[in-house]
Amino acid sequence: MREIESYTMNFGPQHPAAHGVLRLVLELDGEVIHRADPHVGLLHRGTEKLAETKPYNQSIGYMDRLDYVSMMCNEHGYVLAIEKLLGVQVPERAQYIRVMFDEITRILNHLMWIGAHGLDIGAMTLFLYAFREREDLMDCYEAVSGARLHATYYRPGGVYRDLPDFMPKQMASKFRSQKEVDKLNEKREGSLLDFIEDFTERFPACVDTYETLLTDNRIWKQRTVNIGVVSPERAIELGFTGPMLRGSGIEWDLRKKQPYEVYDRMDFDIPVGVHGDCYDRYLVRVEEMRQSNRIVKQCVDWLRKNEGPVMVGDTKIAPPKRPDMKGDMESLIHHFKLFTEGYCVPAGEVYSAIEHPKGEFGCYLISDGANKPFRVKIRAPGFSHLAAMNEMVQGHMLADVVAVIGTQDIVFGEIDR
Amino acid sequence: MSQLDALTAPNSMADAITEWFGDKVAVLQVGRGDHTLVVGADDWVEVATALRDEPAFKFDALIDVCGVDYMGYGKDEWKGNTATRSGFNRGVSRNDATHDDADGPRFAAVIHLLSYSFNTRLRVRLYAPDDDAPRVPSSYPIWNAADWFEREAFDMFGILFDGHPDLRRLLTDYGFVGHPFRKDFPISGYTEVRYDPEQGRVIYQPVSIAPRTLVPRVIRDDNRYDTNLTQDGSNENDHA
């Protein structure tokens, strides 16, 4: 009988552990992987080309939909690039709000990651716990922007509006009695800042819970230790950024090294891994959640004490006040012109990068002086991580592919763009 | 401002680059805290190796490769002159960008480098000399991170990267024709896909939606950036 040497297998695009629409063509020898060829682009929407056909301020909503589990960080990268071209200085309060929501977003993203990664390799409970906390954070999104996911909250020149004095509340329904709803609303009686502060106080205990479930868990360690090892030199060569790079032991975080907004005033640490395997990257991300929590706390304290504008005064960029629009024709015209035609941005090119929860999220803008960008390039962190998939899984078993996809924290919205 | 301090590379880097490469470097531009190096396509491999290995630069990471189509740069896209009296006219005619619009080469690959040792960034622009068959040398042998970025630029713009080991399409559909991010490719595309119940399979057909634009007006020459107006302050008074 002729012996079968190797065979090819399709992983995805409908596999639940493919985190969306990854089609992975695997060449296997038994259960050992010889070659992995990711086929991407099933979620390609041409965001960059769409942004070239619209005024600058109309594309912010597209950015939310790139990495759809860390929405505001994407907006931040894009908005920073526009501000750099315009030469706009954002008010201090808006900078603190942005930093606070960037860190809330980082926690949101890492909670999603820990839940999905756990679920993929056999830890079901964690998913439910992680989503319990995500729910609270998405309520913060809702309170501030009206949307739970795609916020469009950051605008060139600041943020859409100041933090609200109240939280949206749950309502009784045939599925939830008044008593249950009252219990849920207990923490939502005060302002948004009260709610966030309460969250920062209980969140470290939640992270402890996740760690008791995973960190010393025998099964978890068997699935992650020494899987997908990347040496520090190789991580740099492959263009890794964020927790993927820090997991390999490179101490590099744009929040510290090239601080933007008010990160230079924040007190936090950068966790770094040692072995560069899936387990170390897990530890790095868990510690990042704790550090983010610290930053959120510092922002809450500052925002309580300091009032101020959250948008620049330049009315070429900032929309008119809502109450003015109700009685003033010029304000109404101003609003219409601003949102349909936008504003001209001086010709030139900029690259601005932020420390996105997944790595370096960059936005490269070329302007030819019109009110629409000439070229927008989004540098998505997951893109170069997934490009290294072949190298990371070679020689591993089939089941380890799932662990590696999980550890790369893949989201197709940003990879396919 | 801390943001700019961090992004502004020390001038010593600019000096070192001009000193090291001499006439090979066509232009080193500095603007908005970014350094841009324009390198001839033929010299790129040599320059890139030096940028990575020389102790004065040490650009150990390639962050991004971006294809750019400069067709129609700075030109108006729509003729809107007749529309001022009656409001905006949906029937404006489109100025289709043509090849001749570009003054310089049409295609370029823009590479962003990062030095972890010096905490500096550098942007490199490689113009493809031939507009009809744009070719630039691949950066893959020097920085492996260029792999997918170059595949994407090839897919979207049709820029060929000499020396790339596996230059396949990346994001578009299997069997896709054309390069969608080129400026002469319509935003609605040429083909659409639907399920055909008669044939019982998914079919491709010419796109049925009419190309339209929601934001047709392109504004240029904004008075705010006119130095003649801003110097004497008349601009501020207009908007007071």
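A short tour of the structure in this document, coming up.

Conventions adopted
- In every chain, residue numbers begin from 1 and rise along the written sequence.
- Note on labels: chains are lettered from A, ligands numbered from 1, in written order.
- With the structure being a predicted model, the display of local features is reserved for residues of pLDDT at least 70 and the display and counting of side-chain atom pairs for 80 or more, all residues being used for whole-chain, interface and lining totals.
- As a rule here, side-chain values come from all non-hydrogen atoms in the structure, and water together with hydrogens is ignored.
- Think of it this way: DSSP has to see at least two bridges between two strands before they count as a pair.
- The helix and strand labels rest on DSSP assignments: H or I over at least four residues marks a helix, E over at least two residues marks a strand, and numbering proceeds from the N terminus.
- Axis definition: a line fit to C-alpha positions, over the contact stretch in the case of helices; interaxial angles, taken between N-to-C directions, run 0 to 180 degrees.
- Residues are treated as being in contact if the distance between any of their heavy atoms lies within 4.5 Å.
- When two parts are brought into contact, each loses some accessible area as probed by a 1.4 Å sphere; the total of that loss over both is the buried area.
- One speaks of a salt bridge when a side-chain nitrogen belonging to Lys or Arg is within 4 Å of a carboxyl oxygen belonging to Asp or Glu.
- Polar contact criterion, stated in full: a pair of N or O atoms within 3.5 Å, where within protein one must be able to donate a hydrogen and the other to accept it, and residues adjacent in sequence count only if both atoms are side-chain atoms.
- A 1.4 Å probe rolled over the protein chains alone gives each residue an accessible area, and that area as a share of the maximum for its type sets the label: buried under 20%, exposed over 50%, partly exposed in between.
- Here, the term nonpolar core denotes a set of buried Ala, Val, Leu, Ile, Met, Phe, Trp, Tyr and Cys residues that are joined through side-chain atoms within 4.5 Å.
- Orientation categories follow fixed angle ranges, with anything under 35 degrees roughly parallel, anything over 145 roughly antiparallel, 65 to 115 roughly perpendicular, and all other angles oblique.
- Less than a right angle of anticlockwise turn of the near helix away from the far helix marks a crossing as left-handed, whereas a clockwise turn marks it as right-handed.
- Only Asp, Glu, Lys and Arg are considered charged in this grouping, and only Ala, Val, Leu, Ile, Met, Phe, Trp, Tyr, Cys and Pro are considered nonpolar; every other residue, Gly among them, is considered polar.
- For Phe, Tyr and Trp, rings pair up if their centres lie within 6.5 Å, where Trp contributes its six-membered ring, and each pair is then called stacked (planes under 30 degrees apart), edge-to-face (over 60) or tilted (otherwise).

Here we look at the sheet that holds strand 8 (residues 375-379) of chain A
All names here are of chain A.
And step 1. Taken in spatial order, the 3 strands of this open sheet run 6-7-8, and their pairing is antiparallel. Edge positions in the open sheet fall to strand 6 (348-356) and strand 8, since each of these has one partner strand only. In this sheet, adjacent strand axes meet at a mean angle of 10 degrees when their direction is disregarded.
And step 2. Here 5 bridges tie strand 7 (residues 359-367) to strand 8, and the two strands are oriented antiparallel to one another. Directly across from Leu365, in strand 8, lies its bridge partner Val376.

Brief notes about the sheet that holds strand 3 (residues 32-39) of chain A
Residue and element names in this part refer to chain A.
And step 1. Here 3 strands make up an open sheet; going across it, the order is 1-2-3 and the pairing antiparallel. The strands lining the two open edges of the sheet, one partner per strand, are strand 1 (7-11) and strand 3. For this sheet the average axis-to-axis angle between neighbouring strands, irrespective of direction, equals 25 degrees.
And step 2. Where strand 2 (residues 23-29) lies against strand 3, 7 bridges are found, and the strand directions are antiparallel. Each residue of the ladder has a partner; that of Glu27, found in strand 3, is Arg35.

Comments concerning the interface of chain B and chain A
And step 1. The interface is formed by 63 residues belonging to chain B together with 72 residues belonging to chain A.
And step 2. Summing both sides of the interface, chain B and chain A together bury roughly 5,600 Å²; the carbon and sulfur share of this comes to 55%.
And step 3. When residues of chain B are sorted by the area they lose upon contact with chain A, B:Arg32, B:Tyr116 and B:Trp148 head the list and together hold 14% of the total.
And step 4. At the junction of chain B and chain A, the tally comes to 9 salt bridges.
And step 5. In this structure, B:Arg125 engages A:Glu349 in a salt bridge whose closest nitrogen and oxygen atoms are separated by 2.1 Å.
And step 6. The tally of links from chain B across to chain A stands at 22 residue pairs in polar contact (both at pLDDT 80 or more).
And step 7. Sort the elements by how many residues they give to the side of chain B that touches chain A and strand 3 (residues 61-69) of chain B lands first, with 9 residues.

Notes on the pattern of salt bridges
And step 1. Under the defined criterion, the tally for this structure stands at 53 salt bridges over all chains.
And step 2. The salt bridge partner of A:Lys358 is A:Asp409, with a shortest N-O separation of 3.9 Å. Residue A:Lys358 is located in the loop between strand 6 and strand 7, and its partner A:Asp409 is located in the loop between helix 17 (398-408) and helix 18 (412-416); the two are separated by 51 residues in the primary sequence. Across the pair, exposure class does not vary: A:Lys358 and A:Asp409 are buried alike.
And step 3. As a salt-bridge pair, B:Glu152 and A:Arg417 come within 3.0 Å of each other at their nearest N and O atoms. On the criterion of chain membership, the pair formed by B:Glu152 in helix 4 (residues 146-157) and A:Arg417 in the segment after helix 18 is interchain, its members lying in two chains.
And step 4. Using a relative accessible area of 4% as the deciding quantity, one classes B:Glu152 as buried.
And step 5. Beyond isolated ion pairs, a larger network of salt bridges with shared partners links A:Glu48, A:Glu52, A:Arg375, A:Lys377, A:Arg417, B:Asp64, B:Glu152 and B:Lys183.

Overview of the nonpolar core
And step 1. Ranked by internal contacts, the top residues of the largest apolar core, which has 172 residues, are A:Met100, A:Phe101 and B:Leu51.
And step 2. Counting residues per element, this core draws most heavily on helix 4 (residues 92-120) of chain A, at 12 residues.
And step 3. Not counting residues within four places of it along the chain, the set of residues in contact with A:Phe101 comprises A:Met72, A:Cys140, A:Tyr141, A:Val144, A:Tyr153, A:Tyr154, A:Leu163 and A:Leu192.

Side note on the packing of helix 4 of chain A against helix 7 (residues 192-214) of chain A
Residues and elements named next belong to chain A.
And step 1. Close contact between helix 4 and helix 7 brings their axes to 13 Å; oriented N to C, the two are set at 30 degrees. In terms of their interaxial angle, helix 4 and helix 7 are classed as roughly parallel. Note on packing geometry: the crossing formed by helix 4 with helix 7 is left-handed. Mapping the contact onto sequence places Met100, Phe101, Ile104, Ile107, Leu111 and Ile114 in helix 4 and Leu192, Leu193, Ile196, Phe203, Tyr210 and Leu214 in helix 7.
And step 2. The class makeup of the residues in the contact of helix 4 with helix 7 is 12 nonpolar, no polar and no charged.

Description of the packing of aromatic side chains
And step 1. Taken as a whole and judged by the stated rule, the model has 22 aromatic pairs over all chains.
And step 2. On the basis of an interplanar angle of 65 degrees and a centroid distance of 5.3 Å, the ring pair of A:Trp220 and A:Tyr282 is categorised as edge-to-face. Highlighted residues: A:Trp220 in helix 8 (residues 218-224) and A:Tyr282 in helix 12 (residues 278-305), separated in sequence by 62 residues.
And step 3. A residue is classified by how much of its surface remains accessible, and A:Trp220, at 3% relative accessible area, is buried.
And step 4. Its relative accessible area of 0% is what places A:Tyr282 among the buried residues.
And step 5. An angle of 80 degrees between the planes, with centres 6.1 Å apart, marks the rings of B:Phe157 and B:Phe181 as edge-to-face. Of the two residues, B:Phe157 sits in helix 4 while B:Phe181 sits in the loop between strand 7 (160-162) and strand 8 (191-196), which places them 24 residues apart along the sequence.
And step 6. For B:Phe181, a relative accessible area of 4% puts it in the buried group.
And step 7. What links up through ring pairs into an aromatic cluster is the set A:Phe101, A:Tyr141, A:Tyr153 and A:Tyr154.

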